[in-house]
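Results of the structural survey
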Amino acid sequence: FFRYNFLMIFTKKNSKNFPIQSLLHILVFFAIAGCKAVGPDYEGAPEMDVPENWNNDLSNEFVEQSDTQKQWWTLLDDPILNDLIDRAAIDNLDAKIALSRVEEARANFGIIEATKFPEIDADGDVSRKSNSKSATGEKNTDNYTSIGLDLSWEIDIFGYVRRSIEAADAQLDATIENYRDVMVILYAEIARNYIALRTSQLRLQFALENVKSQRETLNIVNARYNAELVSEVDVLQSEQNLAAAESYVPLFYADIDELFNSLAVLLGKNPGSLNQELKGNKGIPHIPEKTVVKLPREILRQRPDIRKAESRLVQETAEVGIATAEQYPRFNLNGTFGYDARGSDSQFSSNSRYWSFGPNFRWNLFDAGAEESAIKFQDAQLEQARVNYEKTVLTAFEEVENALKSYKEEKQRNASLRASVKAAKKVNKITVARYTSGLIDFQEVQDAERVIFFQEDELAKSDGSLVQFIIQLYKAMGGGWDNTDVPAQEISNEEA
């Protein structure tokens, strides 16, 4: 109906001025009326069933509240870790790429936003021209001067420009949240690798202590063998135990070197550049006495990936509006003003002046259904964004629940391992004494030494795992950023 009536305006023949006058009346009417942008408006994130509390019962180490420690790694009270994270925030290459994408999106938003204002271009030409006397019969030399202004302004009646700005703004917000998500992952990855390094160094220490113990045992066995108190089998078994203990040591050295390299690369450094700085067993940092756990509803606003998913939802909603606006005419006001003269005396006279002003429009009247398909395409993109948002939220809840459960179970396991190591040391001491006295055979000594090394190694891994689960928990809650962590001017309307 709209297309039919609009076309009728331009088929009137009763006046040569009627089409342009009528079109100007239409433009003025819509401009005054403030025509609403076509397409859907964003009405908020999808409603989801958000639990009031976590399913896992929180132990005494956790307190549930809204606020979390932004720089959660400082709770581990390790100056070296704090320094590594501070340096990584500046030098990490993934962070630099993500920040560059923010600048790219900011520039793109500036380009799109500028389309709501008129575009004015200036052009000029000054030349001196001489003709051919042989061709024309006389020689003439003239000066030519041309200078003018061109204006073009799209009258955004149906919201194509407004929806484009909405989409660009949402894309910018999503890029900012992506940067924050990169930083959350980076902080957790630095901490995770650092704890893994300290864990491997502790395991190496236990392995070296086991080698030392096996050598001492071998000396005892050799002494008893030389005194003809035991057979050569005991010596061979003791040598076998020593060799087996020594075989673990290179594995830990290799693992430590890999973690050195991983941390160096995370800091934007060459592999091996942190070896001297991080060598030596400094111990696994202790977990904080109290760990703050966000409420489930707070996770929706804290995790950058959820915020990014919602920004994508806003963007795709605007993209539907852009596709819808393509079904309607797009109007422009164009104007030209300038001077065009031959000769220097008349270049700015009234006779040299020229101008033009008037609207034009572009309207796709037939495209074999392409515009309808474009809208359906964007509707499908919008539905994907909606489902992705819901999936991101559920994944966030899952990660928090898993971290809480894993920490709770590992805490119990750690206590059992600690008791086991304490008992194994006593058993080993008694066993060696009894073997030296000839009361038992070497097999019992061998079993006792094997148990104590295995239990100490498991305890070291468990100590590291407890801290790893705390790191996993803070990462799952989106810890490690605030509204001032994007090193550039504020660009989000919501945050401004």
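Relevant structure appears above.
My aim in this report is to walk through the structure given alongside it, one point at a time.

Cut-offs used in this document
Counting restarts for each chain: residues are numbered from 1 in the order of the written sequence. For a predicted model such as this one, the threshold for reporting local features is a pLDDT of at least 70, and the threshold for listing and counting side-chain atom pairs is 80 or more; totals across whole chains, interfaces and linings nevertheless cover every residue. The side-chain quantities take in all heavy atoms of the structure and omit both hydrogens and water. Only DSSP runs of H or I covering at least 4 residues are called helices, and only runs of E covering at least 2 are called strands; the numbering of each starts at the N terminus. In this analysis, two residues are considered to be in contact whenever any of their non-hydrogen atoms come within 4.5 Å of each other. Areas reported as accessible are Shrake-Rupley estimates using a 1.4 Å probe. Residue values count occlusion only from the protein chains shown. Axes here mean lines fitted to C-alpha atoms, for a helix over just the part in contact, with angles spanning 0 to 180 degrees between N-to-C directions. Roughly parallel means an angle under 35 degrees; roughly antiparallel, over 145; roughly perpendicular, 65 to 115; everything else is oblique. Left-handed describes a crossing in which the near helix is turned anticlockwise from the far one by less than a right angle; the clockwise case is right-handed. Throughout, the ten residues Ala, Val, Leu, Ile, Met, Phe, Trp, Tyr, Cys and Pro are labelled nonpolar, Asp, Glu, Lys and Arg are labelled charged, and all others, Gly among them, are labelled polar. Remark: nonpolar core denotes a set of buried residues (Ala, Val, Leu, Ile, Met, Phe, Trp, Tyr, Cys) joined through side-chain atoms within 4.5 Å. Type-normalised accessible area, obtained with a 1.4 Å probe on protein chains alone, sets the label of each residue: buried when under 20%, exposed when over 50%, and partly exposed for intermediate values. At least two DSSP bridges between two strands are required for those strands to pair. Take the residue count of a helix, subtract one, and multiply by 1.5 Å to get its expected span. Paired rings are identified among Phe, Tyr and Trp, the last through its six-membered ring, by centres lying within 6.5 Å, and are further divided according to the angle between planes into stacked (under 30 degrees), edge-to-face (over 60) and tilted (the rest). Here a salt bridge means any side-chain nitrogen of Lys or Arg lying within 4 Å of a carboxyl oxygen belonging to Asp or Glu.

Now for the overall build of the chain. Summing up its helical and strand segments, the chain has 12 helices and six strands in all. Pairs at least 24 residues apart make up 83% of the contacts formed inside the chain by residues separated by at least 6 positions. Here the chain has roughly 27,100 Å² of accessible surface; of this, 53% comes from carbon and sulfur atoms.

Another aspect to go through is the packing of helix H6 (residues 160–226) against helix H7 (residues 232–266). Look at H6 against H7: their axes get within 8 Å of each other, and the N-to-C directions meet at 160 degrees. The pairing of H6 with H7 is recorded here as roughly antiparallel in orientation. In this structure, H6 crosses over H7, and the sense of that crossing is left-handed. By residue class, the composition of the contact of H6 with H7 is 23 nonpolar, 10 polar and eight charged.

A word on the nonpolar core. Of all hydrophobic cores here, the largest spans 81 residues; its most connected members are Trp72, Leu81, Ile190, Leu278, Ile299, Val400 and Leu473. Elements with a minimum of two residues in this core: helix H3 (79–91), helix H4 (93–113), H6, H7, helix H9 (296–302), helix H10 (304–325), helix H11 (370–436) and helix H12 (442–476). For this core, the leading source of residues is H6, giving 23 residues. Not counting residues up to four positions away in its chain, the partners in contact with Leu473 are Phe62, Thr291, Val293, Val400, Ala403 and Leu404. Among the nonpolar cores identified, the runner-up in size contains 12 residues, and Ile155, Phe158, Ala167 and Ala318 belong to it.

Following the sequence through the fold, Asn351 ends up in the loop between strand E5 (330–342) and strand E6 (353–362). For Asn351, a relative accessible area of 75% corresponds to the exposed category. Sequence separation between Asn351 and Tyr339 is 12 residues, and the spatial gap between their C-alpha atoms is 8.6 Å.

Within the fold, Lys411 resides in helix H11. By relative accessible area, which is 33% here, Lys411 ends up partly exposed. Sequence separation between Lys411 and Leu466 is 55 residues, and the spatial gap between their C-alpha atoms is 6.9 Å. Excluding anything up to four places from it in sequence, Lys411 contacts Glu61, Ile287 and Leu466.

On to the pairing of E5. Bridge analysis of strand E3 (residues 141–155) against E5 gives 12 bridges, and the strand direction is antiparallel. When the sheet's bridge partners are listed, Tyr144 is paired in E5 with Arg342. Note that E5 and E6 share 10 bridges and pair antiparallel. When the sheet's bridge partners are listed, Asn334 is paired in E6 with Gly358.

Note on helix geometry: an α-helix contains 3.6 residues per turn, so any two residues three or four positions apart are oriented the same way. The terminal C-alpha atoms of H6 lie 96 Å apart, and with 67 residues this matches the ideal 99 Å at 1.5 Å per residue to within 8%. H6 sits mainly inside the fold: 47 of its 67 residues count as buried. Positioned one or two residues after H6, Glu228 has a phi angle of 60 degrees, which is positive.

Turning our eyes to something else, we now look at the packing of aromatic side chains. In the structure shown here, the tally under the stated rule is nine aromatic pairs. For the ring pair Trp72 and Tyr474, a centre distance of 5.6 Å and an interplane angle of 5 degrees mean the geometry is stacked. One end of the pair, Trp72, is in the loop between strand E1 (62–64) and H3; the other, Tyr474, is in helix H12, with 402 residues separating them in the sequence. Look at Phe331 and Phe361: their rings are 6.2 Å apart centre to centre, the planes differ by 40 degrees, and that puts the pair in the tilted class. Separated by 30 residues along the polypeptide, Phe331 in strand E5 and Phe361 in strand E6 bring together distant segments of the chain.

This paragraph deals with the environment of Glu316. By secondary structure assignment, the location of Glu316 is in helix H10. Among the residues examined, Glu316 registers a relative accessible area of 14% and is labelled buried. Taking the C-alpha atoms as reference, Glu316 lies 9.7 Å from Glu166; in sequence the two are 150 residues apart. Filtering out sequence-adjacent residues up to four positions away, Glu316 remains in contact with Gln378, Gln381, Leu382 and Ala385.

Counted under the stated rule, the structure contains 28 salt bridges. Ionic pairing is found between Arg303 and Glu399, a salt bridge with its closest N-O pair at 2.7 Å. Taken together, the positions of Arg303 in the loop between H9 and H10 and Glu399 in helix H11 put the pair 96 residues apart, joining distant regions of the chain. On the accessibility criterion, Arg303 (6% relative accessible area) is buried. With relative accessibility at 27%, the residue Glu399 sits in the partly exposed group. Two residues, Asp463 and Arg418, come together in a salt bridge whose shortest N-O distance is 2.8 Å. Taken as a pair, Asp463 in helix H12 and Arg418 in helix H11 lie far apart in primary sequence, 45 residues in all. Under the relative-accessibility criterion, Arg418 is labelled partly exposed at 41%.

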